[in-house]
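The chain contents come next:
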Amino acid sequence: QVQLVESGGGLVQAGGSLRLSCAASGSIFGISAMAWYRQAPGNQRELVAGITSGGITNYADSVKGRFTISRDNAKNTVYLQMNSLKPEDTAVYYCNAKPGIPVPALKYDYWGQGTQVTVSS
């Protein structure tokens, strides 16, 4: 079993910055594709940013140029640096891990408990 534990959320004014961290237990981190999702009240959960096991990144259009996802395989941790925050970024942010290598027998989809990010105007 893998546990994902997010931290770093909080209350920040518009234009400010936060850095989220997601620490993973277990031995699968290095072969996992990691991602950050968010869910605002009344909305569906949406992908914010992802990073492959090889370090290739992708971002939602709404956060491109403002957010940066990175990973430290030695620390089993993925980060989300969020700059120029806007009130519409307010949501619960979740960390996710899925297999990052094409092995058919390797199937998992782990989620953290979420961390609240609130951006005031």
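Up top is the structure these notes are about.
First things first, this report covers the structure right here in the doc. (Residues numbered from 1 in each chain as written. Predicted model: local features only at pLDDT ≥ 70, side-chain atom pairs only at ≥ 80, totals over all residues. Heavy atoms only, no water.)

### Concerning the overall build of the protein chain
Alright, step 1. What the protein chain contains, in helices and strands, is 0 helices and 11 strands.
Alright, step 2. Its helices and strands taken in sequence order, the protein chain reads β-β-β-β-β-β-β-β-β-β-β from the N to the C terminus.
Alright, step 3. Relative to the 2.2 N^0.38 estimate, which gives 14 Å for 121 residues, the radius of gyration of the protein chain is 14 Å and therefore close to what a compact globule would have.
Alright, step 4. Once the C-alpha set of the protein chain is aligned to its principal axes, its extents read approximately 45 × 25 × 25 Å.
Alright, step 5. A buried classification covers 39% of the 121 residues belonging to the protein chain.
Alright, step 6. At a minimum sequence separation of 6, the contacts of the protein chain that also span at least 24 residues come to 57%.
Alright, step 7. In the structure as shown, the protein chain presents an accessible area of about 6200 Å², 51% of it carried by carbon and sulfur atoms. (Helix = DSSP H or I, 4+ residues; strand = E, 2+ residues; numbered from the N terminus. Rg over C-alpha atoms; globule rule 2.2 N^0.38 Å. Buried < 20%, exposed > 50% of the residue type's maximum accessible area, 1.4 Å probe, protein only. Contact = heavy atoms within 4.5 Å. Areas by Shrake-Rupley, 256 points an atom, 1.4 Å probe, with all protein chains shown as cover.)

### Re the side chain of Arg38
Alright, step 1. Position of Arg38 relative to the elements: it lies in strand β4 (residues 32-39).
Alright, step 2. At a separation of 2.7 Å, a polar atom in the side chain of Arg38 contacts the side chain of Glu46.
Alright, step 3. A distance of 2.9 Å separates polar atoms of two side chains, one belonging to Arg38 and the other to Tyr93.
Alright, step 4. In this structure Arg38 touches Gln44, Arg45, Glu46, Val48, Ser62, Val63, Phe67, Glu88, Asp89, Ala91, Val92 and Tyr93, once residues within four positions along its chain are discounted. (Polar contact = N/O pair within 3.5 Å; in protein donor to acceptor, adjacent residues only side chain to side chain.)

### Focus: the pairing of strand β11 (residues 115-120)
Alright, step 1. On β11, burial follows the alternation: Thr115, Val117 and Val119 on one face are buried, whereas Gln116, Thr118 and Ser120 on the facing-out side are not.
Alright, step 2. Note that strand β2 (residues 10-13) and β11 share 4 bridges and pair parallel. Across the sheet, the residue bridging to Val12 is Val119, located in β11.
Alright, step 3. Pairing analysis gives 3 bridges linking strand β9 (residues 91-99) to β11, with the strands arranged antiparallel. Each residue of the ladder has a partner; that of Tyr93, found in β11, is Thr115. (Pairing = 2+ DSSP bridges.)

### Considerations on the sheet that holds strand β3 (residues 18-24)
Alright, step 1. Here we have 4 strands laid out as an open sheet, ordered β1-β3-β8-β7, and antiparallel in their pairing. The open sheet has two free edges, formed respectively by β1 (4-7) and β7 (67-72), since each of these has just one partner strand. Neighbouring strand axes in the sheet, compared pairwise and without regard to direction, differ in orientation by 15 degrees on average.
Alright, step 2. Here β7 pairs with strand β8 (residues 77-82) via 6 bridges, running antiparallel. The residue of β8 that forms the bridge with Asp72 is Thr77. (Axes fitted to C-alpha atoms, helices over the stretch in contact; angles between N-to-C directions.)

### Some thoughts on the packing of aromatic side chains
Alright, step 1. The full count for this structure, using the stated rule, is 2 aromatic pairs.
Alright, step 2. Their ring planes at 25 degrees and their centres at 5.4 Å tell us that Tyr108 and Tyr110 sit as a pair that is stacked.
Alright, step 3. With relative accessibility at 12%, the residue Tyr108 sits in the buried group.
Alright, step 4. The aromatic ring of Tyr94 is capped on one face by Arg45, whose charged end is 3.7 Å from the ring centroid.
Alright, step 5. Geometry around Phe29 places Arg71 over its ring, the cationic atom sitting 4.6 Å from the centre. (Phe/Tyr/Trp six-rings, centres within 6.5 Å; stacked < 30°, edge-to-face > 60°. Lys NZ or Arg CZ within 6 Å of the ring centre and 35° of its normal.)

### Considerations on the nonpolar core
Alright, step 1. Met34, Trp36, Val78, Leu80, Met82 and Tyr93 are the most contacted members of the largest nonpolar core, which totals 29 residues.
Alright, step 2. Secondary structure elements with two or more residues in this core: β3, β4, β5 (46-51), β7, β8, β9 and β11.
Alright, step 3. Apart from residues no more than four positions distant in its own chain, Met82 is found in contact with Gly16, Ser17, Leu18, Leu20, Arg66, Phe67, Tyr93 and Val117. (Core = buried A, V, L, I, M, F, W, Y, C linked by side-chain atoms within 4.5 Å.)

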